[in-house]
2 protein chains.
Amino acid sequence: MVLGYTMAKKADRLEAIREAHSLETETAHTDRMEDYLEVIYELIKKKGYATTIDISKYLNVSSPSVTKMVQKLDESGHLNYEKYRGIVLTEKGTSVAEGMHEKHNLLVEFLKMIGVKDDIANIDAEGIEHHLHPETLKKLEDFVKAAKKNISR
Amino acid sequence: MVLGYTMAKKADRLEAIREAHSLETETAHTDRMEDYLEVIYELIKKKGYATTIDISKYLNVSSPSVTKMVQKLDESGHLNYEKYRGIVLTEKGTSVAEGMHEKHNLLVEFLKMIGVKDDIANIDAEGIEHHLHPETLKKLEDFVKAAKKNISR
DNA sequence: TACTAATGTTAGCTAGGGTTAAATTTAAAA
DNA sequence: TTTTAAATTTAACCCTAGCTAACATTAGTA
């Protein structure tokens, strides 16, 4: 019985990998689109608008890359884009961006909590935030909340 | 002063995003290569060899994709590949794969610890494991160790 | 208002990783 | 041993996202 259990666990590792790579996320948007939306959202929040150059600066890409992605995000309904004029996030785009923002905050909070330095926490959060199951987010949230309570107790 | 601090934090968010996307990782291998190496490693560990079909199955890709990537991993020195004959991981490839394996284990352990269910923990670990700074891994490791001690206390 | 600088966009190309269809090699069965 | 089936590889293609160079538009200054 113990052996059987061990075997099952071993097989699970490969099964788990398979499941992880079979996810039909069907999100209708890519990780990269999320990155752009997040930056656009933060820029608008900070200065009221998001220019091609600023977006390119914060994503470390060229301006033509930005233009291209912005056109794509316009077509997918995440924002409204008028050539040479500007960008406005739609409700859809805002909702995606806010989701990223919250995930990012939660992750940074947690990482700092276990002692990761600010800048590294931010970098890692940026890398991780695309890949978290809602359940994981929920548990992480609970954990952070509980830990905070413990500290203040 | 308080305002100044707040402003700084707001600016930091965008700066953090910028840093995260400017990383010159210079790892000489991509995330996808890591995925393949991990699966190949697990397959070899489990059955002694890794076939094209098995790899394709666990990564949910077609067999031509596997062949192509295996050729690439051969050229990069992560494995030795002989057409129609088989694959042997080199030291370099093994070391990358073992690194992934360990990161994966650590992440799953942590996620389960905070209450994430087994299968989801595995899926998320798979998504996250490419994006963790060594410092973050270290802190996470410390955290898990400490938590374990607490439980058994 | 006219001219120049800055910003934004288009065109054309690259690399990574994926796919299907067709060809090859290996293995198994008659 | 010949024939057939399964596994593997090659060929030819697609898509995402990036880049540089060239072009267009807007804004700022003389």
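Note that the structure is predicted; figures quoted are calculated from it, not measured.

Some details on the relation of the copies chain A and chain B
Two copies of one chain are present, and they are related through a rotation about an axis combined with an axial shift.
Next, step 1: For these two chains of identical sequence, chain A goes onto chain B by a turn of 179° and a shift of 0.0 Å along the axis, with RMSD 0.1 Å. What the superposition gives is, in effect, a two-fold axis relating one chain to the other. Minimal C-alpha separation from the rotation axis in chain A is found for Ile128(A), amounting to 2.7 Å.
Next, step 2: In this assembly the copies share their binding face: 98% of the residues contributing to the interface of chain A also contribute to that of chain B.

Description of the protein's contact with DNA strand D
Next, step 1: Close to DNA strand D lie 23 residues; Arg32(A), Lys68(A), Lys72(A), Gln71(B) and Tyr81(B) are nearest.
Next, step 2: For DNA strand D, the fraction of protein-proximal atoms (within 4 Å) that sit in sugar or phosphate groups is 75%.
Next, step 3: Within the side chain of Thr30(A), one N or O atom sits 2.7 Å away from a phosphate oxygen of DNA strand D.
Next, step 4: Contact between DNA strand D and Tyr81(B): a phosphate oxygen at 2.5 Å from a side-chain N or O atom of the residue.
Next, step 5: Those elements that place two or more of their residues in the surface near DNA strand D are α2 (31–47) and α4 (63–75) of chain A together with α3 (52–59) and α4 (63–75) of chain B.
Next, step 6: It is α4(A) that contributes the most residues to the surface near DNA strand D, five residues altogether.
Next, step 7: Split by residue class, the surface near DNA strand D holds nine nonpolar, nine polar and five charged.

Details of the protein's contact with DNA strand C
Next, step 1: If you check the shell around DNA strand C, you find 22 residues, and the closest are Gln71(A), Tyr81(A), Arg32(B), Lys68(B) and Lys72(B).
Next, step 2: When atoms of DNA strand C within 4 Å of the protein are sorted by moiety, sugar and phosphate together comprise 75%.
Next, step 3: One of the side-chain nitrogen or oxygen atoms of Thr67(A) is found 3.1 Å away from a phosphate oxygen of DNA strand C.
Next, step 4: Take Arg32(B): an N or O atom from its side chain is 2.3 Å from a phosphate oxygen of DNA strand C.
Next, step 5: Elements supplying a minimum of two residues to the surface near DNA strand C: α3 (52–59) and α4 of chain A together with α2 (31–47) and α4 of chain B.
Next, step 6: Of the residues belonging to the surface near DNA strand C, the class tally is nine nonpolar, eight polar and five charged.

Here's the deal with the nonpolar core
Next, step 1: Phe110(A), Leu140(A), Phe110(B) and Leu140(B) are the most contacted members of the largest nonpolar core, which totals 30 residues.
Next, step 2: Among the elements of the structure, α5 (91–113), α6 (118–128) and α7 (134–152) of chain A together with α5 (91–113), α6 (118–128) and α7 (134–152) of chain B are those that each provide at least two residues to this core.
Next, step 3: In this structure, Leu140(B) is in contact with Phe110(A), Ile114(A), Leu106(B), Leu107(B) and Phe110(B), ignoring residues within four places of it in sequence.

Notes on the interface of chain A and chain B
Next, step 1: Taken together, the 48 residues of chain A in the interface contact 49 residues of chain B.
Next, step 2: Contact with chain B buries surface across chain A, with Arg13(A), Leu14(A) and His21(A) losing the most and accounting together for 16% of the total.
Next, step 3: Taken together, the connections running from chain A to chain B amount to two salt bridges.
Next, step 4: We note a salt bridge from Lys117(A) to Glu135(B), for which the minimum N-O separation is 3.1 Å.
Next, step 5: The tally of links between chain A and chain B comes to 10 residue pairs in polar contact (both at pLDDT 80 or more).
Next, step 6: Looking at which element gives the most residues to the side of chain A that touches chain B, the answer is helix α1 (residues 2–22) of chain A, with 11 residues.
Next, step 7: Residues that form the side of chain A that touches chain B fall into these classes: 19 nonpolar, 12 polar and 17 charged.

Cut-offs applied
- Within any chain, residue numbers begin from 1 and follow the written order of that chain's sequence.
- Lettering for chains starts from A, numbering for ligands starts from 1, and both go in the order in which the items are written.
- Given that the model is predicted, a residue must reach a pLDDT of at least 70 before its local features are reported, and side-chain atom pairs must reach 80 or more before they are shown or counted; all residues, however, enter totals for whole chains, interfaces and linings.
- Working from all heavy atoms in the structure, the side-chain values ignore hydrogens and water.
- To line up the copies, we fit them by least squares on C-alpha atoms, keeping just the residues with pLDDT of at least 70 in both.
- By the convention used here, residues are in contact when the closest approach between their heavy atoms is within 4.5 Å.
- Near is defined per residue: the residue qualifies when any heavy atom it owns lies within 4 Å of the molecule or strand.
- Pairs of N or O atoms are called polar contacts if they sit within 3.5 Å, as long as, within protein, a hydrogen donor faces a hydrogen acceptor (for residues adjacent in sequence, only side-chain-to-side-chain pairs).
- Strands are runs of DSSP state E lasting at least two residues, helices are runs of H or I lasting at least four, and both sets are numbered from the N terminus onward.
- The classification used treats Ala, Val, Leu, Ile, Met, Phe, Trp, Tyr, Cys and Pro as nonpolar, Asp, Glu, Lys and Arg as charged, and all other residues, Gly among them, as polar.
- By convention a nonpolar core is built from buried Ala, Val, Leu, Ile, Met, Phe, Trp, Tyr and Cys residues, the set being connected through side-chain atoms within 4.5 Å.
- Exposure categories follow from relative accessible area, calculated using a 1.4 Å probe and restricted to protein chains: below 20% of the type maximum is buried, above 50% is exposed, and the middle band is partly exposed.
- Note on definitions: buried area is the accessible-area loss of two parts on being combined, 1.4 Å probe, summed for both.
- Salt bridge, as used here: a side-chain nitrogen of Lys or Arg that lies within 4 Å of a carboxyl oxygen of Asp or Glu.

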